[in-house]
Amino acid sequence: MSAVITEERLKIGDVATRSGLSVKTVRYYEEIGLLAPTVERSDSGYRLFDPSVVNRLAFVKRAQSLGLSLSEIREILNISDRGELPCEEVKQHLAMKVEEINHQITALEILKSELQQLLNHWQDHPSNYHEDTTICPNIQGEC
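Quantities reported herein were computed from a predicted structural model and do not represent experimental measurements.

Caption draft 1: Structural detail: the packing of aromatic side chains. A complete count under the given rule lists one aromatic pair for this structure. Where tyrosine 28 meets tyrosine 29, the ring centres are 6.3 Å apart and the plane angle is 50°; that geometry is what we call tilted. On the basis of relative accessible area, tyrosine 28 is assigned to the partly exposed category, the value being 42%. With relative accessibility at 5%, the residue tyrosine 29 sits in the buried group. Note that lysine 11 overlies the ring of tyrosine 46, its terminal NZ or CZ placed 5.4 Å from the centroid.

What follows is the structure, encoded as structure tokens:
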């Protein structure tokens, strides 16, 4: 009589607990294909996960915290699933994020300057106020 050794499979609640994510989030990630090689269905329809899914979810969480979108993360995971190291792809995405952040910083600096100009010339009770056409002349340029 030979014993069949089966690899431990985790139910979705166990995966959620171990990963620190909600069951709903794990289910969503599975639905959009982020967990594809680590999940299968039991005969009764339960999701059963390979224990490696916990590391995969840790990667997803970290990548998201660095600003990567779920579609970008899926691209990276697909490369990894082919047995390739996706570090170059990750580097490209992160470099693009730095560029986006630099553009956002520039836009915020321009906005900050504009707001400071408005505040520097602020009048609580402007004399040129026209009730019928102006709500706040300070920001509508009628001071």
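Caption draft 2: Representation of the packing of helix H1 (residues 12-19) against helix H3 (residues 53-65) in the model. Contact geometry of H1 with H3 gives a least axis separation of 10 Å together with a crossing angle of 50°. In terms of orientation, H1 and H3 fall into the oblique class. The chirality of how H1 crosses H3 is right-handed. Contacts from Val15, Arg18 and Ser19 of H1 reach H3 at Val53, Val54, Leu57 and Lys61. Considering only residue class, the contact of H1 with H3 consists of four nonpolar, one polar and two charged.

Caption draft 3: Quick look at H3. Under the 1.5 Å per step criterion, the end-to-end length of H3 is 18 Å for 13 residues, consistent within 8% with the ideal 18 Å. The set of residues buried in H3 consists of Val53, Val54, Arg56, Leu57, Val60 and Ala63. Its buried side turned inward, H3 meets H1, helix H2 (23-31), strand E2 (47-49) and helix H4 (70-81).

Parameters and conventions
Residues numbered from 1 in each chain as written. Predicted model: local features only at pLDDT ≥ 70, side-chain atom pairs only at ≥ 80, totals over all residues. Heavy atoms only, no water. Phe/Tyr/Trp six-rings, centres within 6.5 Å; stacked < 30°, edge-to-face > 60°. Buried < 20%, exposed > 50% of the residue type's maximum accessible area, 1.4 Å probe, protein only. Lys NZ or Arg CZ within 6 Å of the ring centre and 35° of its normal. Axes fitted to C-alpha atoms, helices over the stretch in contact; angles between N-to-C directions. Helix = DSSP H or I, 4+ residues; strand = E, 2+ residues; numbered from the N terminus. Parallel < 35°, antiparallel > 145°, perpendicular 65-115°, else oblique. Left-handed = near helix turned anticlockwise from the far one by under 90°. Contact = heavy atoms within 4.5 Å. Nonpolar A, V, L, I, M, F, W, Y, C, P; charged D, E, K, R; others polar. Expected span 1.5 Å × (residues − 1).

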